[in-house]
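Each chain, written out:
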Amino acid sequence: MIKTIILDFDGTLGNTKGIILRTMQATLRELNLPERTEAQCAAMIGLPLKQCFTQLYPDYETTVVDDAMGDACAATYRRLFDEYNLPGTVPLFPHVVDTLRILHEAGIRLTVASSRSHMTLDSYVSNLGLAPYITYILGVEDVEDAKPGPGPVLKTMDDFGLRAEECLVVGDTKYDILMAHNAGVKGVGVTYGNGSREELEAAGAEWLIDDFAELIDICKPENMR
């Protein structure tokens, strides 16, 4: 019996890919770092912000973004993101609100665990009309062992006295599925976000869905056995 669903935000609930890629590439330009393609930047989505830059150049023999530069990248990214994040920039994916409402009315607790900052998550949840359904939010600063570590899931379980079999993680990248499995929880991969179907399959997602509304059927008790 699923009591709590732990949701990723970027690429799962909100379509933030455009603003993330724009901001990452603008950050690289401002700091005179080597260019990266949209695909290379997109592969970092889901990691804590600093790691998105320190791990962005795996094909280079020498370190391009060290710890200090990683901090500079994160600070620059946050400033630029705030400039670009105008009302209406980030839409919800299809069927998100209706699905959350149905799950909420069925008595399932809906939470968010993201590598994004808590303040930004609060703003998105409120401005996009999700606050009536999402009752608990964890940002990257709220846990020590962030994605792909199990920290967000373990903290959610601890705060609500949950067992692993009572939880379900839903996300669009391998980092979400790895987070779930590292905490002993099953994971649902959404194929419309930032990660590919192949990536989610390789990470071992127990379910793959092409539409957020499919989550309703997965949560039926007979389908969780």
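Everything here concerns the structure above.
Residues numbered from 1 in each chain as written. Predicted model: local features only at pLDDT ≥ 70, side-chain atom pairs only at ≥ 80, totals over all residues. Heavy atoms only, no water.

Participant: Explain the packing of aromatic side chains here, please?
Facilitator: The geometry of an aromatic ring pair is captured by the separation of the ring centres together with the interplanar angle, meaning the angle of the planes. Applying the stated criterion across every chain, the model contains six aromatic pairs. Centre to centre, the rings of tyrosine 57 and tyrosine 60 are 5.3 Å apart; their planes meet at 80 degrees, and the pair counts as edge-to-face. A centroid spacing of 4.9 Å and a plane angle of 70 degrees characterise the contact between tyrosine 136 and phenylalanine 160, whose relative ring orientation is edge-to-face. One end of the pair, tyrosine 136, is in strand 3 (residues 134-138); the other, phenylalanine 160, is in helix 7 (residues 151-160), and 24 residues separate them in sequence. For phenylalanine 160, a relative accessible area of 30% gives the class partly exposed. Here the basic side chain of arginine 22 rests over the ring of tyrosine 84, its NZ or CZ set 3.7 Å away from the ring centre. Geometry around phenylalanine 160 places arginine 109 over its ring, the cationic atom sitting 3.9 Å from the centre. (Phe/Tyr/Trp six-rings, centres within 6.5 Å; stacked < 30°, edge-to-face > 60°. Helix = DSSP H or I, 4+ residues; strand = E, 2+ residues; numbered from the N terminus. Buried < 20%, exposed > 50% of the residue type's maximum accessible area, 1.4 Å probe, protein only. Lys NZ or Arg CZ within 6 Å of the ring centre and 35° of its normal.)

Participant: Just to check I follow, could you spell out the pattern of salt bridges for this structure?
Facilitator: A side chain of one charge can pair with a side chain of the opposite charge when the charged atoms of the two come close. For the structure shown, the criterion picks out 16 salt bridges. Here aspartate 67 ties to lysine 50 by a salt bridge, and the two come within 2.5 Å at their closest N and O atoms. With aspartate 67 in helix 4 (residues 67-84) and lysine 50 in helix 3 (residues 49-54), this pair connects stretches of sequence that are 17 residues apart. For lysine 50, a relative accessible area of 25% gives the class partly exposed. Three or more residues are tied together by salt bridges with common partners; here these are Lys3, Arg163, Glu165 and Glu166. (Salt bridge = Lys/Arg side-chain N within 4 Å of Asp/Glu carboxyl O.)

Participant: Looking at this structure, how should I read helix 6 (residues 118-127)?
Facilitator: Side chains of residues three or four places apart in an α-helix project in the same direction, reflecting 3.6 residues per turn. Among the residues of helix 6, those classed as buried are Thr120, Leu121, Tyr124 and Val125. Around the axis of helix 6, the buried residues are gathered within 130 degrees of arc, so they sit on the same side. Seen from the open side of helix 6, the exposed residues pointing more than 90 degrees away from its buried face are Met119 and Asn127. The elements touched by buried residues of helix 6 are helix 4, strand 2 (109-113) and strand 3. Looking at the residues trailing helix 6, positive phi occurs at glycine 129, about 75 degrees. (Arc of directions from axis to C-beta. Contact = heavy atoms within 4.5 Å.)

Participant: Can you walk me through helix 5 (residues 96-105) in this structure?
Facilitator: Inspection of helix 5 places Val96, Thr99, Leu100 and Leu103 among the buried residues, and these make up the whole buried set. Taken end-on, helix 5 shows its buried residues confined to a sector of 100 degrees, consistent with a single buried face. At its buried positions, helix 5 is contacted by strand 1 (4-7), strand 2, strand 3 and helix 10 (215-218). Immediately downstream of helix 5, the backbone of glycine 107 shows phi near 90 degrees, a positive value.

Participant: Would you take a moment to explain the pairing of strand 5 (residues 186-190) for this structure?
Facilitator: Along a regular strand, successive side chains alternate from one face of the sheet to the other. Of all five residues that make up strand 5, four are buried, and the element is covered over most of its length. Across four bridges, the pairing between strand 4 (residues 167-171) and strand 5 is parallel. From the neighbouring strand, valine 169 faces strand 5, where its bridge partner is glycine 187. After leaving strand 4, the chain enters helix 8 (residues 174-182) and then returns to the sheet as strand 5, a path that is right-handed. (Pairing = 2+ DSSP bridges. Right-handed = clockwise from strand over helix to strand, strands pointing away.)

Participant: How do you make sense of the sheet that holds strand 5 when you look at a structure like this?
Facilitator: Sheets are built from strands that pair by backbone hydrogen bonding, the pairs being arranged parallel or antiparallel. In spatial order, the strands read 3-2-1-4-5-6; together these six strands make up an open sheet with parallel pairing. In this open sheet, the two strands that pair with only one neighbour each are strand 3 and strand 6 (207-209). Averaged over all pairs of adjacent strands, the angle between their axes in this sheet comes to 25 degrees, without regard to strand direction. Along the sheet face, helix 6 touches strand 2 and strand 3 and points at about 160 degrees away from the line of strand 3. (Axes fitted to C-alpha atoms, helices over the stretch in contact; angles between N-to-C directions.)

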